[in-house]
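Structural features, examined
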Amino acid sequence: MQNIFSADHFQFPYLYKFPGQASDERILYVTREADIVFHMRQVVVVGGAVLLFTIGYLLSALLGNYIGGNVKNMIQVAVALSAALFLVIGWLWSSMMWRKSIAVITTKRLTKFIYTTPWTRHNLSLPLDMVVDTGAYSKGWFQALFKLGTFTARSSASSSGVATDDPDRVNKKYFYIENLSNAEDIHHYLHKVLFVYRQDWKKLENFRPFLPNLKGEARKEFMKQYPEYWS
């Protein structure tokens, strides 16, 4: 099986392997933030490199009357190299963090891996039997503009109803995935998963995976290619 962090785009069937995956645990869906989020970060990196180069060039030009021509040229070359280095490192850094930060729905749990640097991550999992309810909503102008959403699942571990301002406790109450293009569809799909899980969890072994963006006849034709996945 392919390492799940090495995939640029996820395709059905979801034959990937992630850390901690049980031998009998099957992936029903895997996703990450929408592509537009990644492209916006690239724009920020390019803008930062251009700004760095512009500021450095203007400063060297202003100092041109006080320093020699050779020194001025050396400063401009150093500024150009610094801007190029910032662009390369920033581009690779944002690419690796976007590709490796993923969320997975399996036959046993919800789990996500969030990379804080290309080499360090934190992992959060919520077993299906601890999911109280789920939701999907858009928040902020960015998600509204690009038609993105946030998916949430509330945990029974902290559903006592006691009010708290403790951020650690608040974070434990909810499993969430931000900036998804199909948050509402995931919300509806997970309701079906939970219904089957609570009726007879063994039926999830043959439960159909989530196929976004496939409707009607197109979905039926696609399903014929993989008859072993449909109950």
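Description of the structure in this document.

Moving on to the overall build of the chain. When helices and strands are counted, the chain shows six helices and nine strands. The C-alpha atoms of the chain give 23 Å as radius of gyration, which overshoots the globular expectation for 231 residues (17 Å, by more than 25%). For the chain, the spread of C-alpha atoms along the three principal axes comes to 80 × 50 × 35 Å. For the chain, the exposed surface amounts to about 13900 Å²; the carbon and sulfur share of it is 60%. If the 26 positive side-chain charges of the chain are averaged to one point and the 18 negative ones to another, these points end up 2 Å apart.

This paragraph deals with the pairing of strand E8 (residues 149-155). The two faces of the sheet receive side chains in turn, since in a regular strand these alternate between them. Among the seven residues in E8, six count as buried, and that is most of the element. Direction of pairing for strand E7 (residues 131-137) relative to E8: antiparallel, over a ladder of six bridges. Within the sheet, the bridge partner assigned to Tyr137 lies in E8 and is Thr150.

This next bit is on the side chain of Lys112. Within the secondary structure, Lys112 is located in strand E5 (residues 109-115). Buried and unpaired, Lys112 has Glu178 as its nearest opposite-charge partner, separated by 7.0 Å. Only 2.7 Å separates the side chain of Lys112 from the backbone oxygen of Tyr176, close enough to count as a polar contact.

What follows is about the pattern of salt bridges. For side chains bearing opposite charge, pairing can occur when the charged atoms are close. Under the definition given, this model contains five salt bridges. Notably, a salt bridge pairs Glu25 with Arg109, separated by 2.8 Å at the nearest N-O pair. One end of the pair, Glu25, is in the loop between strand E2 (16-17) and strand E3 (27-31); the other, Arg109, is in strand E5, and 84 residues separate them in sequence. Since its relative accessible area comes to 16%, Arg109 is described here as buried. Among the salt bridges present, the one from Lys139 reaches Glu178, with a minimum N-O distance of 2.8 Å. Note that Lys139 is positioned in the loop between E7 and helix H3 (140-145) and Glu178 in strand E9 (residues 174-180), a separation of 39 residues in sequence. A residue is classified by how much of its surface remains accessible, and Lys139, at 41% relative accessible area, is partly exposed. Taking the relative accessible area as the measure of exposure, Glu178 reaches 29% and is therefore partly exposed.

Turning our eyes to something else, we now look at the packing of aromatic side chains. In total, this model carries 14 aromatic pairs according to the counting rule given. Pairing Trp93 with Trp119 gives two aromatic rings, centres 5.5 Å apart and planes at 80 degrees, and the pair type is edge-to-face. Residue Trp93 is found in helix H2 (residues 69-100), and its partner Trp119 is found in the loop between E5 and strand E6 (121-127); the two are separated by 26 residues along the sequence. Positioned over the ring face of Trp98 is Arg32, at 4.7 Å from the centre of the ring. One residue, Lys112, lies across the ring of Tyr176, its end atom 3.8 Å from the ring centre.

On the surface, a nonpolar cluster with roughly 490 Å² of combined accessible area is contributed by Val46, Val50, Leu87, Val88, Trp91 and Leu92. Contributions of two or more residues to the nonpolar patch are made by helix H1 (35-62) and H2. The element that contributes the greatest number of residues to the nonpolar patch is H2, accounting for four residues. Secondary-structure assignment places Val50 in helix H1.

Reading the values: rules and limits
- Residues numbered from 1 in each chain as written.
- Predicted model: local features only at pLDDT ≥ 70, side-chain atom pairs only at ≥ 80, totals over all residues.
- Heavy atoms only, no water.
- Helix = DSSP H or I, 4+ residues; strand = E, 2+ residues; numbered from the N terminus.
- Rg over C-alpha atoms; globule rule 2.2 N^0.38 Å.
- Areas by Shrake-Rupley, 256 points an atom, 1.4 Å probe, with all protein chains shown as cover.
- Lys, Arg positive; Asp, Glu negative; His and termini not counted.
- Charge placed at Lys NZ, Arg CZ, Asp CG, Glu CD.
- Buried < 20%, exposed > 50% of the residue type's maximum accessible area, 1.4 Å probe, protein only.
- Pairing = 2+ DSSP bridges.
- Salt bridge = Lys/Arg side-chain N within 4 Å of Asp/Glu carboxyl O.
- Polar contact = N/O pair within 3.5 Å; in protein donor to acceptor, adjacent residues only side chain to side chain.
- Phe/Tyr/Trp six-rings, centres within 6.5 Å; stacked < 30°, edge-to-face > 60°.
- Lys NZ or Arg CZ within 6 Å of the ring centre and 35° of its normal.
- Patch = residues over 30% accessible without salt bridge, like charges linked within 9 Å, V, L, I, M, F, W, Y side chains within 5 Å.

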